[in-house]
Amino acid sequence: MRALKAAAAAGLVLAALTGCTRDGARVDMGPTGGTPVEGGTATMALPPAATPNWIFPIGAPGYGGSYNYGIQSLLFMPVYDAVQDRHKGELTTHGPSTLGLEPTYGNDNRTVTVPLRKGVKWSDGRPVTARDLEFWFNLVKANKASWGNYSVGTMPDNVKRFETLDAHTVRLRLSRAYNPDWFTANQLTLMRALPQHAWSATADGGRTGDFDRTAKGAKAVFARLTRHAKSLGSYGSDPLWKTVNGPWRLAGWRDNGQVTIVPNERFTGPRSQRPHLDKVVFKPFTTADSEYNVLRSGGVDYGYIPPSVMAQKEKFEGRGYRVDPWEGWAATYIVYNFNSTHAGPLLRQLYVRQAMQHLVDQKAMSEVIWQGSATPTLGPVPVTPKSQYLSPAMQRDRYPFSVAKAVSLLRAHGWRDDGGTARCARPGPGPDECGPGIAKGTPLKLTLLSQSGSTETTNTMQELKSSLSKAGIELTVRQQPLNSVLGNSVPCTAKDPGCDWDMSFFGTAGSWYYPLNPSGEQLFSTGASANFGNYSDERADRLIRAVQYAPDMKAVHAYGEYLAEQLPVMWMPNPAYQVSVIRNDLRGIEQNPTVTFAPQDWYYVKKKGADT
């Protein structure tokens, strides 16, 4: 979940929902034209039931909300990120908003050199140097199990040695040759420069130093930073978070999730990244309906409308707004907990997952519930937008909706349904039996944790519940706020107290937004921290590793086709990230598929002669 909902705007130049007026008449700014002006306050709508709750740029498991990442990237310049080249219209990993310049590979792709921009300083005046990258690397290396982006064998495991060449250049000596495209897109984008001089203390009030250069010291430093990161109510006053190098600094962070940022007056990055606005406010909402009501009254300036009210698009356009669906580079799915205390043996049976996938009517859900703003997810590689990563075979639906096929699969493996919940009638490990660990009489009953706050998600879960019941599968849906779902869906073992959940859904705005290369090492490789359901398959692990090493598309295609068949998760309709509603007088917004955003590019315009 790599992105923050695009956001924001409203300013001092136009009146809410009616545009700038003279004698009560609306002035139509239109999507183009107008004179750029400096200043103004922008208010952005956060996703339904989403509360920003993590500021430390090393994300912890369970704190992976895209809104957290988005806010962090405004305060702390990413070394590499998915950014859009405005001249070519292409996505790249380095540009004006990144600290890193173009990386270079050598020694048959066994080394990569990372140059940093010179002249960039922290807000306290100290220079950003290679030491700040080393600080990050030392922390994640010593604390990788507590890092939300960690998966076994990848960063930092794949770096044999971290070398500092000079004050603004580092070199990574890799464990083997890697595909440069994959390594840059999926590994270098994880790097962060952290203020070593300000953060490297092992205890509050203690001196800072090179403690991170030992494993023991790095653990102590990390524990202190994590402890501060969990103190949400003190973000606005904590001196730690005041040392930033991005174009913005924190002005306020309320317990309810409302975050306010203002320009960093001491920003020394590229001039093009200096903000035009005076302030951006990220505003939380409990439901999409509550956001919609505030949007209609003018309280949100860059927001979204639920797909269910797409018919009212013209009303917003008539009030000086533009409506723009934002398609994401994403996959949407329901997580299976293969280690579930009660349902683990059921979910580990491929035929059970196949039967359930046949009961997901993605086409109808996309068209009816999502009003055409969602597209089916057919595997781990996004179907839209089209890309070289998608093979022809991955464009075929392997499990089209069919109650008959689902019932046939279950009956062929010993399940009987007498008009209620199906039960295992033929236990055992044989090909025509229920499977290992499933006792006679075991009911096909599952519990699903689902994100609350969205009418579309609620309706999708009710449709799924009804559809599964037609094959004798009893589904109980428990809705929770997004942060609760994420926090309760962490990897676990069957003996853990919190491992009694069977399925989990957090995909109202897409479950996972990929970096440029849609590989699955963070999602589906054994032991990966974002592998919330504990999926483990030796062949899948081999195919994922091949994507990391091979510089051609064959490895990606083989991986995508295998996982589409094996169903490590339940594929669900992939919605547009949001159907954006944006004031016509707010410009500079790029809605790129990786849903990164840059409010430093945003500005207002006013029409010549209009009252302001």
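This is a predicted model, so every value here is computed, not measured.

Asker: So, the sheet that holds strand β22 (residues 474–480): which residues are in play, and what are the values?
Answerer: Pairing between the strands of a sheet is mediated by backbone hydrogen bonds and can be parallel or antiparallel. Strands sit in the order β22-β21-β23-β17-β25 across an open sheet of five strands; the sheet is mixed. In the strand order of this sheet, the two ends are held by β22 and β25 (569–571), each with one partner. On average, each strand axis in the sheet is inclined to that of its neighbour by 25°, with strand direction left out of account. Sheet topology places strand β21 (residues 445–451) next to β22; seven bridges connect them, and they run parallel. Within β22, the position partnered with K445 by the bridge is E474. Along the sheet, helix α9 (residues 350–358) contacts β17 (333–336), β21 and β25; its crossing angle with β25, the most-contacted strand, is approximately 20°.

Asker: Please set out the sheet that holds strand β7 (residues 104–106) residue by residue, giving values where relevant.
Answerer: On the basis of which strands lie adjacent, the open sheet formed by four strands has the order β7-β8-β10-β9 and antiparallel pairing. Each edge of the sheet is formed by a strand with only one pairing partner; in this case those strands are β7 and β9 (159–166). The sheet shows a mean angle of 20° between the axes of neighbouring strands, direction not considered. Relative to strand β10 (residues 169–174), strand β8 (residues 111–115) runs antiparallel, the two sharing five bridges. Across the sheet, T113 pairs through a bridge with R171, a residue of β10. Sheet strands in contact with helix α2 (residues 130–142) are β8, β9 and β10, and its direction is about 165° off that of β9.

Asker: So what about unusual backbone geometry? Which residues, and what values?
Answerer: At the junction of M155 and P156, the peptide bond is cis and its omega measures out at 5° in the coordinates. Here P156 lies in the loop between α2 and β9. Note the cis peptide between T384 and P385, where omega equals -10°. Phi is positive for N534, close to 65°, though the residue is something other than glycine. Take N534: it is sitting in the loop between β24 (512–513) and α14 (538–549). Judged by relative accessible area, which is 19%, N534 ranks as buried. Here the phi dihedral of L567 falls at roughly 55°; this positive angle occurs in a residue that is not glycine. Among the residues examined, L567 registers a relative accessible area of 0% and is labelled buried.

Asker: Describe the state of the cysteines, with residues and values.
Answerer: The final tally for this structure, using the stated rule, is two disulfides. Across a sulfur-sulfur distance of 2.1 Å, C424 and C434 are joined as a disulfide pair. On the S-S bond that ties C424 to C434, the torsion sits near 110°, and the link is right-handed. Pair noted here: C424 is in strand β20 (residues 423–424) and C434 is in the loop between β20 and β21, with a separation of 10 residues, a long-range link. Note on accessibility: C424 and C434 belong to one class, buried. Each sulfur in the disulfide pair C492 and C499 lies 2.1 Å from the other. Measuring the twist about the S-S bond at about 70°, one finds the C492-C499 disulfide to be right-handed. Using a relative accessible area of 0% as the deciding quantity, one classes C499 as buried. Taken in N- to C-terminal order, the disulfide-linked cysteines of the protein chain are connected 1-2, 3-4.

Asker: Account for helix α12 (residues 455–469), naming residues and giving values.
Answerer: End to end, α12 covers 21 Å across 15 residues, agreeing with the expected 21 Å (1.5 Å per residue, within 8%). For α12, the full list of buried residues reads E456, T457, T460, M461, L464, S467 and L468. Taken around the axis of α12, the buried residues stretch over an arc of 130°, which confines them to a single face. Here α12 starts with a cap whose side-chain oxygen sits 3.3 Å from the backbone nitrogen of E456, and that cap is S454.

Asker: Requested: an account of the environment of N584, with residues and values cited.
Answerer: The residue N584 is located in the loop between β27 (578–583) and β28 (586–587) in this model. Overall, the relative accessible area of 6% leaves N584 in the buried class. Placed 81 residues apart in sequence, N584 and M503 show a C-alpha to C-alpha distance of 41 Å.

Asker: So what's going on with the environment of N186? Which residues, and what values?
Answerer: By the secondary structure assignment, N186 is in helix α3 (residues 180–186). Looking at N186, the relative accessible area reads 2%, which means it is buried. Distance from N186 to D278, taken between C-alpha atoms, is 34 Å for residues 92 residues apart in sequence. If we ignore the near neighbours within four places in the chain, the residues touching N186 are P515, N517, S519 and E521. Of the polar contacts made by the side chain of N186, one reaches the side chain of E521; its length is 3.2 Å.

Asker: Could you give an account of the side chain of T260, with specific residues and numbers?
Answerer: Summarising the element assignment, T260 is placed in strand β12 (residues 259–263). Overall, T260 belongs to the buried group, its relative accessible area being 16%. Look past the residues within four positions of T260 in its chain and what remains in contact with it is R249, L250, A251, G252, K279, V280 and V281.

Criteria and thresholds
- Residues numbered from 1 in each chain as written.
- Predicted model: local features only at pLDDT ≥ 70, side-chain atom pairs only at ≥ 80, totals over all residues.
- Heavy atoms only, no water.
- Pairing = 2+ DSSP bridges.
- Helix = DSSP H or I, 4+ residues; strand = E, 2+ residues; numbered from the N terminus.
- Axes fitted to C-alpha atoms, helices over the stretch in contact; angles between N-to-C directions.
- Contact = heavy atoms within 4.5 Å.
- Buried < 20%, exposed > 50% of the residue type's maximum accessible area, 1.4 Å probe, protein only.
- Disulfide = S-S within 2.5 Å.
- Expected span 1.5 Å × (residues − 1).
- Arc of directions from axis to C-beta.
- Polar contact = N/O pair within 3.5 Å; in protein donor to acceptor, adjacent residues only side chain to side chain.

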